[in-house]
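Structure assessment
For reference, the chains in residue letters:
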Amino acid sequence: MWEGLLQAFETALHFFFRISGNYGVAIILLTLAVRLLLWPLTYSQVVSARRMQALQPEMERLRQKYKNDQQRLNQVVVKLWREQKVNPASGCLPLAIQLPILWAMYQVLLKAPEFKGAHFLWINNLAAADRLFVLPALAAITTFIQMWMTTPRGGNQQPAQQMMLWTMPAFVGFITVSLPAGISLYWVVGNLISIAQQYLVPAGKVAEGGSRSA
């Protein structure tokens, strides 16, 4: 199955190369294709994340009301999520799917000889790290923007959420410094598409949940 996935990615990249004539553009086109395939999952994730943001004031009210009764708090929070059609775990599935895709891309870029020395804009080798650190910087910035758009603001932001908002982009920037530029390009383009997709989900979807818990 894994070899089949690798072969599919290599075939897709060659196909997009024949269309575009550049492997950097081919990676961008492949990223667009993958994100289109994942759009139903992304759509559900965005709707759920927006509803979670809208529920933060109510969540804080419940935490204060039941601060001495953790069991009751858990019950009313689960009830609130059910009424508002919110699934806190919905954001994990797209990420779980993206991880093997990233690893497959990494394997293809390292093993396929045609990617070594492939040029794109300022990048001299898509199979090697971006020595100008432009893509790692963009990876960190776009990751921050994407997370900022789905993280509660102000007093509704939990300490763990605030920490993740800053540490995750820094971590992404750090690891992409040594990754092939093709992987960083895939990550940056994927983030930009995700940011754009935030605006494709109608704001009214947030209000389609049920009534608040008492």
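Residues numbered from 1 in each chain as written. Predicted model: local features only at pLDDT ≥ 70, side-chain atom pairs only at ≥ 80, totals over all residues. Heavy atoms only, no water.

Regarding the overall build of the chain
This is how it is decided: Numbering of helices and strands starts at the N terminus; helices are DSSP runs of H or I of at least 4 residues and strands are runs of E of at least 2. Contacts are assigned to residue pairs that have any heavy atoms within 4.5 Å of one another. Surface accessibility in these figures is a Shrake-Rupley result with a 1.4 Å probe; residues are shielded only by whichever protein chains are displayed.
The number of helices and strands found in the chain is eight helices and zero strands. For the chain, the sequential pattern of α-helices and β-strands runs α-α-α-α-α-α-α-α. Sequence-distant contacts in the chain: of pairs separated by 6 or more residues, those separated by 24 or more amount to 75%. Accessible area for the chain stands at about 11,700 Å²; split by element, carbon and sulfur atoms hold 67% of it.

Points about the environment of Ala 128
For Ala 128, the location among the structural elements is in the loop between helix H5 (92-111) and helix H6 (134-149). In this structure, Ala 128 is in contact with Leu 179, Pro 180 and Ala 181, ignoring residues within four places of it in sequence.

Here we look at the side chain of Thr 142
Inclusion rule: Categorising residues by exposure relies on relative accessible area from a 1.4 Å probe, with only protein chains included: less than 20% of the type maximum marks a residue as buried, more than 50% marks it as exposed, and the intermediate range marks it as partly exposed. By the criterion applied in these results, polar contacts are pairs of N or O atoms within 3.5 Å in which, for protein atoms, one can donate a hydrogen and the other can accept it, and in which residues neighboring in sequence qualify only through two side-chain atoms.
Mapped onto the elements of the fold, Thr 142 is located in helix H6. Relative accessible area serves as the criterion here: at 6%, Thr 142 is assigned to the buried category. Side-chain polar atoms of Thr 142 contact the backbone oxygen of Ala 139, separated by 3.3 Å. Not counting residues up to four positions away in its chain, the partners in contact with Thr 142 are Val 188, Asn 191, Leu 192 and Ile 195.

Side note on the packing of helix H1 (residues 2-20) against helix H2 (residues 23-37)
Going by this rule: In this analysis, axes come from line fits to C-alpha atoms, helices being fitted only over the stretch in contact, and the angle between any two N-to-C directions falls in the range 0 to 180 degrees. By the definition adopted for this analysis, an angle is roughly parallel if under 35 degrees, roughly antiparallel if over 145, roughly perpendicular if from 65 to 115, and oblique otherwise. Handedness of each helix crossing follows the sense of rotation of the near helix against the far helix: counterclockwise by less than a right angle gives left-handed, clockwise gives right-handed.
Viewed as axis vectors pointing N to C, H1 and H2 meet at an angle of 120°, and their least axial separation amounts to 8 Å. As judged from the angle between their axes, H1 and H2 are oblique. Our pair here, H1 against H2, has a crossing hand that is right-handed. Judged by residue contacts, Phe 9, Ala 12, Leu 13, His 14, Phe 16, Phe 17 and Ser 20 of H1 engage Tyr 23, Val 25, Ala 26, Ile 27, Leu 29, Leu 30 and Ala 33 from H2.

Here we look at unusual backbone geometry
The phi torsion at Leu 121 lies on the positive side, around 55°, for a residue other than glycine. Mapping Leu 121 onto the fold places it in the loop between H5 and H6. Leu 121 sits in the exposed class, given a relative accessible area of 68%. Of note in the backbone geometry, Phe 133 takes a positive phi value of approximately 60° without being a glycine. Along the chain, Phe 133 falls in the loop between H5 and H6. When its relative accessible area of 43% is taken as the criterion, Phe 133 is described as partly exposed.

As for a positive patch on the surface
As a reminder of what qualifies: Patch building starts from residues that exceed 30% relative accessible area and form no salt bridge, then joins like charges within 9 Å and nonpolar side chains (Val, Leu, Ile, Met, Phe, Trp, Tyr) within 5 Å. Throughout this description, the term salt bridge denotes a Lys or Arg side-chain nitrogen within 4 Å of a carboxyl oxygen of Asp or Glu. In this tally, Asp and Glu contribute negative charge and Lys and Arg positive charge; neither His nor the terminal groups of the chain are included. To locate a charge, take atom NZ for lysine, CZ for arginine, CG for aspartate or CD for glutamate.
On the surface, a cluster of positive charge is made up of Lys 65, Arg 72, Lys 79 and Arg 82. A total of three residues in the positive patch trace back to one element, the largest contributor, which is helix H4 (residues 70-83). Looking at the secondary structure, you find Arg 72 in helix H4.

Focus: the confidence of the model for the chain
As a reminder, the rule being used: Per-residue confidence from the predictor is reported as pLDDT, which spans 0 to 100.
Averaged over all residues, the pLDDT of the chain equals 77, while 82% of them reach at least 70. In this model, residues 204-214 is a region of pLDDT below 50 whose contacts with residues beyond four sequence positions or in other chains number 29 contacts.

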